[in-house]
Structures are given as C-alpha cells and as structure tokens.
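# Structural characterization, general
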Amino acid sequence: MSSDEEKKKRAITARRQHLKSVMLQVAATELEKEQAAKEQEKAAYLAEHCPPLELPHSMQELQELCKKLHAKVEEVDEDRYDTEMKLQKTTKELEDLSQKLFDLRGKFKRPPLKRVRMSADAMLRALLGSKHKVCMDLRANLKQVKKEDTEKEKDLRDVGDWRKNIEEKSGMEGRKKMFEGGE
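Residues numbered from 1 in each chain as written. Predicted model: local features only at pLDDT ≥ 70, side-chain atom pairs only at ≥ 80, totals over all residues. Heavy atoms only, no water.

The secondary structure content of the chain amounts to six helices and zero strands. Start at the N end of the chain and walk to the C end: the helices and strands fall as α-α-α-α-α-α. (Helix = DSSP H or I, 4+ residues; strand = E, 2+ residues; numbered from the N terminus.)

So, on to the pattern of salt bridges. Applying the stated criterion across every chain yields a total of four salt bridges. A salt bridge links arginine 80 to aspartate 77, with the shortest nitrogen-to-oxygen separation between them at 3.7 Å. On the criterion of helical spacing, the pair formed by arginine 80 and aspartate 77 is a turn pair, its members being three residues apart in helix α2 (residues 59–105). Judged by relative accessible area, which is 37%, aspartate 77 ranks as partly exposed. Aspartate 96 is the salt-bridge partner of lysine 92, the closest N and O atoms lying 3.7 Å from each other. (Salt bridge = Lys/Arg side-chain N within 4 Å of Asp/Glu carboxyl O. Buried < 20%, exposed > 50% of the residue type's maximum accessible area, 1.4 Å probe, protein only.)

What follows covers helix α1 (residues 2–49). With 48 residues, α1 extends 70 Å between its outermost C-alpha atoms, agreeing within 8% with the 70 Å of an ideal straight helix rising 1.5 Å per residue. With respect to burial, α1 is a largely exposed element, only zero of its 48 residues being buried. (Expected span 1.5 Å × (residues − 1).)

On to a nonpolar patch on the surface. A cluster of nonpolar side chains, Leu53, Leu55, Met59 and Leu62, forms an exposed patch at the surface whose accessible area comes to about 420 Å². As for its position among the elements, leucine 53 is in the loop between α1 and α2. Exposure remark for leucine 53: the relative accessible area of 58% places this residue in the exposed category. (Patch = residues over 30% accessible without salt bridge, like charges linked within 9 Å, V, L, I, M, F, W, Y side chains within 5 Å. Areas by Shrake-Rupley, 256 points an atom, 1.4 Å probe, with all protein chains shown as cover.)

On the surface, a cluster of negative charge is contributed by Glu74, Glu75, Glu78, Asp79 and Asp82. Relative to the elements of secondary structure, glutamate 75 occurs in helix α2. (Lys, Arg positive; Asp, Glu negative; His and termini not counted. Charge placed at Lys NZ, Arg CZ, Asp CG, Glu CD.)

Structure representation (structure tokens):
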C-alpha cells in the first residue's frame with residue numbers, strides 16, 4: 001500500500017510541476033505580446049504627434065524653423081503652467097472643503113503622536129543648536145512649600161472613633177437622648 005501511495009504522490013507532484021511550467025510558458029508569451037503591443041502604440045503615437053523633422057538647407061529657413069520651435073515651446077510651457085496652477089487651486093479648494101467637512105461633523109482627526117523623552121536642555125539644544133550654553137534646571141526654580149497642620153486635619157486625626165465623640169457632635173440634647181434611649 002505504501003508503494004501505491006508513493007506512486008500517487010509522485011504522479012500528483014509531477015502533474016503540478018508540469019502545470020506550473022505550462023502556466024509560466026503561457027505567461028511569458030502573454031508578456032511578450034503586451035510588450036509588442038506597447039511598442040506599436042508608442043510608434044503610432046509618435047508618428048501621429050511628432051512628424052519627422054525636415055531640415056531646410058538655407059540659413060534663413062533654419063532660423064525660421066528655430067523661431068517656430070521656440071514659439072511652440074513657449075506655448076507648451078504656458079499650458080503646463082496654467083494646468084499646474086489649476087491643479088494647485090483645486091487641491092487647495094479640496095483641502096479647504098475637507099477641513100470644513102471635518103469641522104461640521106465635529107470629529108477631528110488627531111495625528112498619532114509619539115512620546116519623546118527629552119530633557120529641557122536637550123530640547124533647547126535641538127531648537128537653538130550649538131549656541132545654547134545655559135543649563136536649565138526647572139526644579140531649581142520651584143518654590144518649596146512647608147506643610148502646615150490645619151485645624152481640620154488636627155480634628156480629623158483627634159476624632160478617631162465616632163462613638164467616643166458622639167456627645168460632642170450632638171448639637172441638641174434631644175438627639176443625645178434619642179441615641180441613649182435606643183441602647
């Protein structure tokens with residue numbers, strides 16, 4: 001049985017390899033056809049838009065040809081500049097409209113911020129460059145505060161258990177009697 005299974009596995013792998021090689025051959029021929037089609041398209045486009053250049057023989061005709069070419073170059077540059085300006089204007093309008101949309105929705109996109117551990121000296125050195133010589137110790141400028149015991153804190157510490165001071169806390173005699181009567 002094991003030999004039959006091995007023969008089947010070998011047949012399956014051989015078939016897979018054969019299919020893979022056939023697929024690669026078909027893909028290679030398709031790529032060659034696509035490249036040939038692209039080259040034909042390119043040649044047709046160039047023949048249509050760029051007719052072959054006929055150079056005149058006299059100097060005056062050459063100068064006129066150069067003037068015509070310069071005029072065409074200037075015209076193309078003007079068109080390119082105009083389209084760039086239109087593109088910049090539309091992108092600016094698009095950004096403004098998207099910002100208005102975010103404002104109207106009330107949802108603001110927050111950029112992901114990274115936590116940076118940097119001391120004040122390192123920050124100033126990064127901002128000011130090598131000119132920064134002053135060492136800035138932010139903790140030196142802090143005011144030291146002495147903790148004073150306030151009366152409330154003393155009362156809270158002295159009170160301790162509420163059962164001991166129930167007589168002090170009872171403002172009216174009636175409340176005191178109510179507590180004594182309940183026991």
